[in-house]
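An overview of the molecular structure
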Amino acid sequence: MSCHANPEDWVYAKATDCFMHPSGVEGRHRAPSDDIEASFNLVHQSTGNSISTVCPGDNYSVTVNFPSTSYAMMTLNYGIINDRQETSSCLNRDITPETTRETLGWTRSFTLACNATENVVVQVTRAASQRDAFLFTTVTLAVDPSCALATCSSTGGQTGGSTKEPQSNGPQTPLKPARPPPSSPPEPTPATLACEGSSLGYMCSRAFGDVRLHWTLNDTAPANDCTGTAQESASMDPAEGVLHMAVESVTTGYVGFSFSEDSAYMYPSEAVVGWVAPDGSATVASWYVSSYDSILGLGNTLLPSWAQAMGVSQANGATTICFSRMLTDINSQIYPTLPSDAAVQMGWAIGQNGQIDYEVHVRQGGIVMNLGSGSAEETSTSNREKAINIHGILMAVAWIFLLPLGSIIPRHRWLLQDRKLWGIHVWMRLHQWLQLAGMALFIAGFVYAFYEFPETPMGGDVGAAHKWLGIIVMAMAGLQVVAAFVRPDPKAAMRKYWSLMHHYLGRLSLISAWVTVYLGVYIYHENPVYQASYAQWMLPIVIVNGSIVAMDIAFTIHKRYALKDAPPTENGKAGMEKEANVLDFKAALELQQQEATQVLDPERLISSASARLSSRRQRPSANEARLSNSRI
């Protein structure tokens, strides 16, 4: 199980304190979102009554109900969990073990700290699998200091008039909240951050490829050419957590920036794109990008948008876009809470000079950055392109080379005659090995595609056709493999029908696979992000596939001429050809060898010689015929 899917592994790999929960994109998981399906049930441990307020020092039981089996972790901001399964020193946290999935409910008892004066927050994060998003849910309980247990007064805690029997003493040190609201961090300066100063007046800037990012956290937006073009001002309270950002390119084409679930992928993401047209008109807007085929038109921009005070400017041969956003904004689907002290997944794309067609990216890249510290690393968007290439190569080698070559060997087994390898005819060995190797690569490419591209395929309807044709080809190829292992005996009556099925199903599989491969190349070529070269893909495919087809045709023609030049049989050459068509060339060769053996048989030679001598005695010689004619 990946550490990104099991909270237990995530805690031991990444948690730096007892209160941390996943806050950003982790591996293939999207940023944590609200768990609207989970529910809490809180009761007093000794009475079993439901509660809405809690008393310092008292014991309670919390049950969280999941809609499906999940791995989960739970934290308290005040108190200790009594029946923990976790073995660390974090008494306020518990985690379901990796070998266990809680099903209908997860119940834990806890003791509230004696000096708890603020609200008690119980937070649970769960994940159902490696690919499902982290989901979090919280419940907040009001603390009533007046009902604190009497035992708390002996330890210096709050006292009160609670009549409940004391259960145990709670811890005396208050624990910080697991997910506090955004707050202003200490005022950083570029000297203390892993970044450079900003020429646009922001707190920080860093160069990534062909763009430079400028940003300011929890302060007012700077005045510059870009922010001056914004149609609305960034009237945000820095105390509530705010980010101001600008993206400066090196061309006069469009500029795009996105917050994404994975910086190596174009989608799903939330993007701001802006450009200045040759006539001087400026356009900037935000979109939600759900797939590679998302249409980013001015009629489907995000309204309301998480991006505010958007602007775009162009100066000194460079286009710059800028925007502001609240760190907490329910209009954002990717980062409803944008962390200021954890990694944030970002992406960028630009067009060439003067290009405003933002569906074609000349250059693009990915960034993983901590906005608070300025530390960052670049990620390559070519990761997906690499995955597409691997999938395409596996499928092309399987269906353009190995499987077609393996399929023509039985048709021309006469070339190998009766040669055997380990007791099996060589042509059969080659057929089996090539088909099994081709199927292994096909299965690898098929599984790899579903693993790397679990989302809606790119290419729209053509992409959907490519996907379903691939599934159909897999079904037909799988049936071929099964049929090969259950073929009837050559002398069985069913062998004729099995041969017809194996013959035509194989050819249908090949033709369907060729169509599927071509559709894949077409989608790859037409995609505005990749624009793969037809020549780089189709030229090798046509050469290899054409060579195999040409080889098949050449051998077929050669076989026909070989039959015509073969020694005559008792039935003549025509009979030989007919027998070869009915029995196959191997049987014809065996018949030819059998007749050659009969010609060398001594008894047959003596009998044939006697017959010829008798025939000569019965008819006159040529001289005798001429003498008889002269007498007449």
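Attention here is on the structure that accompanies the text. (Residues numbered from 1 in each chain as written. Predicted model: local features only at pLDDT ≥ 70, side-chain atom pairs only at ≥ 80, totals over all residues. Heavy atoms only, no water.)

This brings us to the overall build of the protein. Assigned secondary structure in the protein consists of 11 helices and 23 strands. The contacts of the protein with a sequence gap of at least 6 include a subset with a gap of at least 24, amounting to 65%. Just so you have it, the protein exposes about 31700 Å², and 57% of that area is on carbon and sulfur atoms. (Helix = DSSP H or I, 4+ residues; strand = E, 2+ residues; numbered from the N terminus. Contact = heavy atoms within 4.5 Å. Areas by Shrake-Rupley, 256 points an atom, 1.4 Å probe, with all protein chains shown as cover.)

Let's shift gears to a nonpolar patch on the surface. Residues Ile393, Val397, Phe401, Leu539, Ile543 and Val544 make up a contiguous nonpolar surface patch of roughly 500 Å² in combined accessible area. Among the secondary structure elements, those contributing two or more residues to the nonpolar patch are helix 3 (382-408) and helix 7 (534-564). Checked against the element boundaries, Val397 lands in helix 3. A residue is classified by how much of its surface remains accessible, and Val397, at 31% relative accessible area, is partly exposed. (Patch = residues over 30% accessible without salt bridge, like charges linked within 9 Å, V, L, I, M, F, W, Y side chains within 5 Å. Salt bridge = Lys/Arg side-chain N within 4 Å of Asp/Glu carboxyl O. Buried < 20%, exposed > 50% of the residue type's maximum accessible area, 1.4 Å probe, protein only.)

Following the criterion strictly, the structure yields 12 aromatic pairs and no others. Taking 6.3 Å as the distance between ring centres and 85° as the angle between the ring planes, the aromatic pair formed by Phe259 and Tyr335 counts as edge-to-face. Taken together, the residues Phe259 in strand 14 (residues 255-260) and Tyr335 in the loop between strand 18 (318-326) and strand 19 (343-350) connect sequence positions 76 residues apart. Take Phe259: its relative accessible area is 0%, and that puts it in the buried class. Since its relative accessible area comes to 1%, Tyr335 is described here as buried. Here the guanidinium or amino end of Arg325 rests over the ring plane of Phe259, the centre of that ring lying 5.9 Å away. (Phe/Tyr/Trp six-rings, centres within 6.5 Å; stacked < 30°, edge-to-face > 60°. Lys NZ or Arg CZ within 6 Å of the ring centre and 35° of its normal.)

By the definition in use, this model includes 3 disulfides. Each sulfur of the disulfide joining Cys195 and Cys204 lies 1.9 Å from the other. The exposure class of Cys195 is buried, given its relative accessible area of 14%. (Disulfide = S-S within 2.5 Å.)

Honestly, it's all geometry; don't read function into it.
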